[in-house]
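# Breakdown of the fold
Letter by letter, the chains look like this.
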Amino acid sequence: MGDLFLVRHGETEWSRSGRHTGWTDVPLTERGREEARRLVPLIRSHRIGAAFVSPLQRARETGELIGLHELRVDVDLREWDYGGYEGVTTLEIQRERPDWFLFTDGVAPGPPDHPGESPEQVGARADRVLAKVDAAHANTEGCVVVVAHGHFLRVLTARRLGLPASAGALFQLATGTLCRLGTEHGRPVIAGWNVRPPS
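The paragraphs below set out a description of the structure included in this document. Just so it is clear, the structure is predicted and the values come from calculations on it, not from any experiment.

Let's shift gears to the pairing of strand S2 (residues 48–53). Along any regular strand the residues' side chains alternate between the sheet's two faces. Where S2 and strand S4 (residues 143–148) come together, 5 bridges link them in parallel fashion. In the sheet register, Ala 51 faces S4, and the bridge partner there is Val 145. One ladder, built from 2 bridges, connects S2 with strand S3 (residues 72–73); its direction is parallel. Of the residues in S3, the one forming a bridge with Phe 52 is Arg 72. A crossover links S2 with its parallel partner S3, the connecting element being helix H4 (residues 57–65), and its sense is right-handed.

Structure representation (structure tokens):
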């Protein structure tokens, strides 16, 4: 099990305003592009064996801006399908459901093409991604990089650490940051979190 680098895409208008941005294909803001560009030195300091990216443009553009080549687009890296909560903020949801919490309660049903996902369904996607990451580690030298979305990457981190998907709640993740999951004594650990280069 080699190092796994997680990159959350840069800022979008929706991430800045706190709107749940699942499958809506929102572009990066100029600030989001700059967040991505600032990660280049951190990425270049490592040998990259494989790189996977969500099909959504905010992740793909982030991957390109940080200098990754031969990105493998993987639909399992899409953000959480927020169903009926797509585009809605947590504060707006909690006006009707004061105790609502994404990582334990999931989302309200949405339209047939985006019905929403439970934490366990997102966890199952994360497990599939981790299997692909492990296969890449077995077949290439160097680190594996995944460029995707905040809530999904938090669930993926929980699953890598052997925790339930709901434990993704423990890992706050900012836009335009790099995280590193490594090993210690053969066990998965967080080796770096929410890393940005010095200003």
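Moving on to the sheet that holds S2. Overall, mixed pairing links the 6 strands, which are arranged S3-S2-S4-S1-S5-S6 in an open sheet. Strands at the two margins of the open sheet, each flanked by one partner only, are S3 and strand S6 (187–195).

Tracing the backbone through its elements, the reader meets Ser 54 in the loop between S2 and H4. Of the residues examined, Ser 54 reaches a relative accessible area of 0% and is grouped as buried. A distance of 2.8 Å separates the side chain of Ser 54 from the side chain of His 149, its partner in a polar contact. Sequence-distant contacts of Ser 54, that is, excluding residues within four places in its chain, are made with Ala 59, Arg 60, Val 73, Asp 74, Leu 77, Arg 78, Val 147, Ala 148 and His 149.

It is worth spelling out the packing of aromatic side chains at this point. Inspection of every chain in the model, using the stated rule, returns 5 aromatic pairs. Judged by centre distance (6.5 Å) and plane angle (10°), the rings of Trp 80 and Tyr 82 are stacked. Of the two residues, Trp 80 and Tyr 82, both sit in the buried class.

A few words on the nonpolar core. Leu 4, Leu 6, Trp 80, Val 146, Phe 152 and Leu 156 are the most contacted members of the largest nonpolar core, which totals 31 residues. Elements with a contribution of two residues or more to this core: strand S1 (4–8), S2, helix H6 (102–105), helix H7 (119–139), S4, helix H8 (150–160) and strand S5 (178–184). Here this core gets 6 residues from one element, more than from any other, and that element is H7. Among residues more than four places away in sequence, those in contact with Phe 152 are Asp 76, Leu 77, Arg 78, Glu 79, Val 122, Arg 125, Ala 126 and Val 129. If you look at the next biggest cluster of nonpolar residues, it comprises 14 residues, including Ile 66, Val 145, Val 147 and Leu 178.

This part takes up the pattern of salt bridges. Taken as a whole, this structure holds 17 salt bridges when the rule is applied. In this structure, the salt-bridge partner of Arg 16 is Glu 11, at a minimum N-O distance of 3.4 Å. A residue is classified by how much of its surface remains accessible, and Glu 11, at 4% relative accessible area, is buried. Its salt-bridge partner being Arg 196, residue Glu 35 comes within 3.5 Å of it at the nearest N-O pair. Of this pair, Glu 35 sits in helix H2 (residues 30–37) while Arg 196 sits in the segment after S6, and the two are 161 residues apart along the sequence.

The pairing of S5 with S6 spans 6 bridges and is antiparallel. Looking across to S6, one finds that Thr 183 is bridged to Pro 188. Between the end of S5 and the start of S6, which pair antiparallel, lie 2 residues, with His 185 showing a positive phi angle near 55°.

Rules behind the numbers
Residues numbered from 1 in each chain as written. Predicted model: local features only at pLDDT ≥ 70, side-chain atom pairs only at ≥ 80, totals over all residues. Heavy atoms only, no water. Pairing = 2+ DSSP bridges. Helix = DSSP H or I, 4+ residues; strand = E, 2+ residues; numbered from the N terminus. Right-handed = clockwise from strand over helix to strand, strands pointing away. Buried < 20%, exposed > 50% of the residue type's maximum accessible area, 1.4 Å probe, protein only. Polar contact = N/O pair within 3.5 Å; in protein donor to acceptor, adjacent residues only side chain to side chain. Contact = heavy atoms within 4.5 Å. Phe/Tyr/Trp six-rings, centres within 6.5 Å; stacked < 30°, edge-to-face > 60°. Core = buried A, V, L, I, M, F, W, Y, C linked by side-chain atoms within 4.5 Å. Salt bridge = Lys/Arg side-chain N within 4 Å of Asp/Glu carboxyl O.

Shape is all these values report; function is a separate question.
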